[in-house]
Amino acid sequence: MTASTLITLATCNLNQWALDFDGNVQRILESCRQAKQRGASYRLGPELEICGYGCEDHFLENDTFDHCWESLAQLLEEGATDGLVCDFGMPVLHAGVRYNCRVICHNRKVLQIRPKTAMADNGNYREGRYFTAYSTPAGSSANFPEKHLLPTTFFAQFGQRDVPFGLYHLHCADGTTIGCESCEELWTPHASHIDLALRGVEIIGNGSGSHHELRKLSTRMELMISATRKCGGVYLYSNQRGCDGGRTYYDGGAMIVVNGRIVAQAPQFDVHDVNLITATVDLEDVRSYRASNPAFGIQAARKATEEGGGGSNALMCDDIHLVFDPRNTESLNKNRPKITEESLALKIFAPEEECCLGPACWLWDYLRRSGAGGFFLPLSGGADSASVAGIVAVMCILVTKASREDPEGDVAKDCRRVCRQDQGNSLWVPSSPQEMANFVLHTTFMGTENSSNVTNSRAQRLGDAIGSYHLSIKIDLMVKSVLQVFQITTGHMPRFASRGGTMNEDLALQNIQARLRMVMAYLMAQLLPWVRGRSGFLLVLGSANVDEGLRGYMTKYDCSSADLNPIGAISKGDLKRMLVFLSKEYPGFEVLGEIANAPPTAELRPIDAATATAEAGHSQTDEEDMGMSYEELGYFGRLRKIARCGPVSMFRKLLVTWSHLAPSEVAAKVKRFFFYYSVNRHKMTTITPAYHAEGYSPDDNRFDLRQFLYNTRWTRQFAVIDDIVAQHPETDNDKDKND
């Protein structure tokens, strides 16, 4: 009788929270319970799932390692691994060295600890600060493995003293082989899955901690699809999903890929804590796929020869059987997924959808975990604050939908608690997203004599459409009071430039309006719950976009200063596209399309009726103030950060990209950008924590590590640019292009 080669596998998204050991254990237990309920014999979890990926410098504390072992013992004690091979992620201190590890367990026994071999140290990642990349000691093999001594409690509870530690794979009694690849290793030139496949490993699990960035998911998927299309095999990907306490949002997207085909995919954005997916696979398909590729056979045979024969890296697990026999009635499970020969269509969101869905889920995690009673947002009627309001509206849509689908579920419980409707045994859920928004979103238009009726109207209509608790106030009295104090103190009263004042006076008058809005925002955030007869406090939301941060086009300690900023790493162009998308996607949100098409304006100077436009409602516009367009800022930002360009190399590239401009004009634009970037860089040191979404974010705190005191003349750099311009004299053709 031919042995069965059918196996059911599970992987998941988990919304883990850094250092929330008890909560993390419960979410892991739930994923294991669901895996068993669907007939799976193998379950993969995210990277560092037991402690949470974002512990950062807490990884330097021995307490973190001790609590992880306590959590692992709890998982074993509560039966998470009974009848299920579980691949957990946790840090391990081995021989005095900290490693980022996969810990594979079955039937209350630790089978293997597999350390990570490549650290993620780019962008937001700092793994090399906390962990060491593992290298196999000379002479180590599966027959003579390096051993890790387990905590003494494991011997007392489970009768186990030590466990193999190293780069091995499991070889089960039924011939099933399982290996590990950890997050960053997939992205390296010599990825771990290549050697695993050549050694005959058929199932590879990748527990990851990969955060969201606009347009990134397709690249991640392509790597996994390519890995199994080239080498064959079953590739499982697990990822954390949610805000685990920092600026990044881990965007899930767990999937199972077989021979280049995606057979299961979990949501990228969601408000549930656990998303588990399963697939039933015929391992014979993997063996046949590989055997049909002569090049694979040649390289696999060469690999075996180099390693002195196959199996030198395999840990034999003679008591573990993972496949099931469909003819055996005991193996029948109505919840077990059927085998599919078709490939799932990739679910990849457009950037404008990512802009609202990712930050919406991030805000929900932050709101429910902070204990706050909602948000306060200064709503100006412009694109940036409207984008933040739209993101909160999407949050309410997602949470309301999940709550109404399962009024007894965890999302509904969190919703009742946040909305302060959790008293008694009520199963209250919001009847609509607008009802929830009225509980959690508080918006206020803070106008002055310089504000237009157009933006006030837009703010009011947007508040009505979303359902927020909206107020419209004038802060002129505050502005005049501060200026009177200044006049009494100094004997001088500043004037706007249009009324005979200097530029310093003009800027000071603009800035005091902006800063008083910040003061008023925090007063409102503390007292509005009291005004409405409710308990708690509100989180203040900021609304400065990535381009304004890059250019420094914001007042330090104005309304860009807040508790959270969901759009701080999103470009103006993407935000406008998001507003248009929301206006078409959700009935009643048409005002967002109107706002998207209006010229951006700060409304901090007196209105000049002669130059004010109907669309803007004001004579002052952002792009005129900045001396550059938002589109140009996008070019500058991507070249500065993503392409790693200084002034000279940026100028050289833009000479080609902007070939319709004269070299001297390109040079002037580049110089203007670097002047304002450097003179305003200090503002990034106090920037509000922002959702990370864009690769050219200027966030000084974690992502974009640069000085904040510059020589703003850039003497050497600008001199080189001038030399290049001199070598490219403007021709008549150049001048014609500029006319």
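### Some remarks on the packing of helix 10 (residues 383–405) against helix 12 (residues 433–440)
Then, number 1: The N-to-C vectors of helix 10 and helix 12 enclose an angle of 120°; their axes lie 8 Å apart at closest approach. In this view, helix 10 runs oblique relative to helix 12, as classed from their interaxial angle. The two elements helix 10 and helix 12 cross, and the hand of that crossing is right-handed. Each of Met395, Cys396, Ile397, Val399 and Thr400 in helix 10 lies in contact with helix 12, whose residues at this interface are Pro433, Met436, Ala437 and Val440.
Then, number 2: Classifying every residue of the contact of helix 10 with helix 12 gives eight nonpolar, one polar and no charged.

### Digging into the sheet that holds strand 19 (residues 469–474)
Then, number 1: If you trace the four strands from one edge of the open sheet to the other, you get 19-18-17-20, paired in parallel fashion. Single-partner strands in this sheet number two, and they are strand 19 and strand 20 (539–540).
Then, number 2: One ladder, built from four bridges, connects strand 17 (residues 375–378) with strand 18 (residues 441–447); its direction is parallel. The residue of strand 18 that forms the bridge with Leu377 is Thr443.
Then, number 3: Together, strand 18 and strand 19 form the strand contacts of helix 13 (residues 453–466), whose direction differs from that of strand 18 by roughly 170°.

### Section: the packing of aromatic side chains
Then, number 1: Following the criterion strictly, the structure yields 28 aromatic pairs and no others.
Then, number 2: Centre to centre, the rings of Trp362 and Tyr691 are 5.6 Å apart; their planes meet at 75°, and the pair counts as edge-to-face. A residue pair is termed long-range when its members are at least 10 positions apart, and Trp362 in helix 9 (residues 351–370) and Tyr691 in the loop between helix 22 (663–679) and helix 23 (715–726) qualify at 329 residues. In this structure, Trp362 and Tyr691 share a single accessibility class: buried.
Then, number 3: With a centroid separation of 5.1 Å and 65° between ring planes, the pair formed by Phe674 and Trp714 is classed as edge-to-face. Of this pair, Phe674 sits in helix 22 while Trp714 sits in the loop between helix 22 and helix 23; the two residues are 40 residues apart in sequence, bridging distant segments of the chain. Across the pair, Trp714 and Phe674 agree in class, each one buried.
Then, number 4: Among the aromatic residues, ring-to-ring pairing joins Tyr635, Phe636, Trp658, Phe673, Phe674, Tyr677, Tyr710, Trp714 and Phe718 into one connected group.
Then, number 5: Against the face of Phe324 rests Arg336, its NZ or CZ located 3.7 Å from the ring centre.

### Quick notes on unusual backbone geometry
Then, number 1: The backbone phi angle of Glu56 is positive, close to 50°, even though this residue is not glycine.
Then, number 2: Its place among the elements puts Glu56 in the loop between strand 2 (42–44) and helix 2 (62–77).
Then, number 3: Residues other than glycine seldom take positive phi values, yet Asn107 does so here, at roughly 50°.
Then, number 4: Assignment of secondary structure puts Asn107 in the loop between strand 4 (97–106) and strand 5 (109–115).
Then, number 5: By relative accessible area, which is 42% here, Asn107 ends up partly exposed.

### A look at the side chain of Ser238
Then, number 1: The residue Ser238 is located in strand 11 (residues 234–242) in this model.
Then, number 2: The exposure class assigned to Ser238 is buried, which follows from its relative accessible area of 0%.
Then, number 3: Polar side-chain contacts of Ser238 include one of 2.6 Å to the backbone oxygen of Cys12.
Then, number 4: Residues within four places of Ser238 in sequence aside, it is in contact with Thr11, Cys12, Leu44, Gly45, Pro46, Asn206, Gly207, Ser208 and Ala254.

### Quick notes on the packing of helix 21 (residues 647–657) against helix 22
Then, number 1: Orientation of helix 21 relative to helix 22, taken along the N-to-C sense of each, is 140°, at an axis distance of 10 Å. The angle between helix 21 and helix 22 falls in the class oblique. Crossing angle aside, the handedness with which helix 21 passes helix 22 is right-handed. Across the interface between the two elements, Pro647, Met650, Phe651, Leu654 and Leu655 of helix 21 pack against Pro663, Val666, Ala667, Val670, Phe673 and Phe674 of helix 22.
Then, number 2: For the contact of helix 21 with helix 22, the class distribution of residues is 11 nonpolar, no polar and no charged.

### Details of the nonpolar core
Among soluble globular proteins, nonpolar side chains are generally buried collectively.
Then, number 1: Counting 64 residues, the largest nonpolar core has Leu363, Trp364, Phe375, Met395, Met436 and Leu462 as its most contacted members.
Then, number 2: Here this core gets 12 residues from one element, more than from any other, and that element is helix 10.
Then, number 3: Discounting residues that sit within four places of it in the chain, Leu363 has contacts with Phe375, Ile391, Val392, Met395, Leu541, Leu564 and Pro566.
Then, number 4: In this structure, Ile50, Cys86, Phe131 and Leu276 belong to the second largest nonpolar core, which totals 49 residues.

Calculation criteria
- Residues numbered from 1 in each chain as written.
- Predicted model: local features only at pLDDT ≥ 70, side-chain atom pairs only at ≥ 80, totals over all residues.
- Heavy atoms only, no water.
- Axes fitted to C-alpha atoms, helices over the stretch in contact; angles between N-to-C directions.
- Helix = DSSP H or I, 4+ residues; strand = E, 2+ residues; numbered from the N terminus.
- Parallel < 35°, antiparallel > 145°, perpendicular 65-115°, else oblique.
- Left-handed = near helix turned anticlockwise from the far one by under 90°.
- Contact = heavy atoms within 4.5 Å.
- Nonpolar A, V, L, I, M, F, W, Y, C, P; charged D, E, K, R; others polar.
- Pairing = 2+ DSSP bridges.
- Phe/Tyr/Trp six-rings, centres within 6.5 Å; stacked < 30°, edge-to-face > 60°.
- Buried < 20%, exposed > 50% of the residue type's maximum accessible area, 1.4 Å probe, protein only.
- Lys NZ or Arg CZ within 6 Å of the ring centre and 35° of its normal.
- Polar contact = N/O pair within 3.5 Å; in protein donor to acceptor, adjacent residues only side chain to side chain.
- Core = buried A, V, L, I, M, F, W, Y, C linked by side-chain atoms within 4.5 Å.

The values reported here are purely geometric and, on their own, carry no functional implication.
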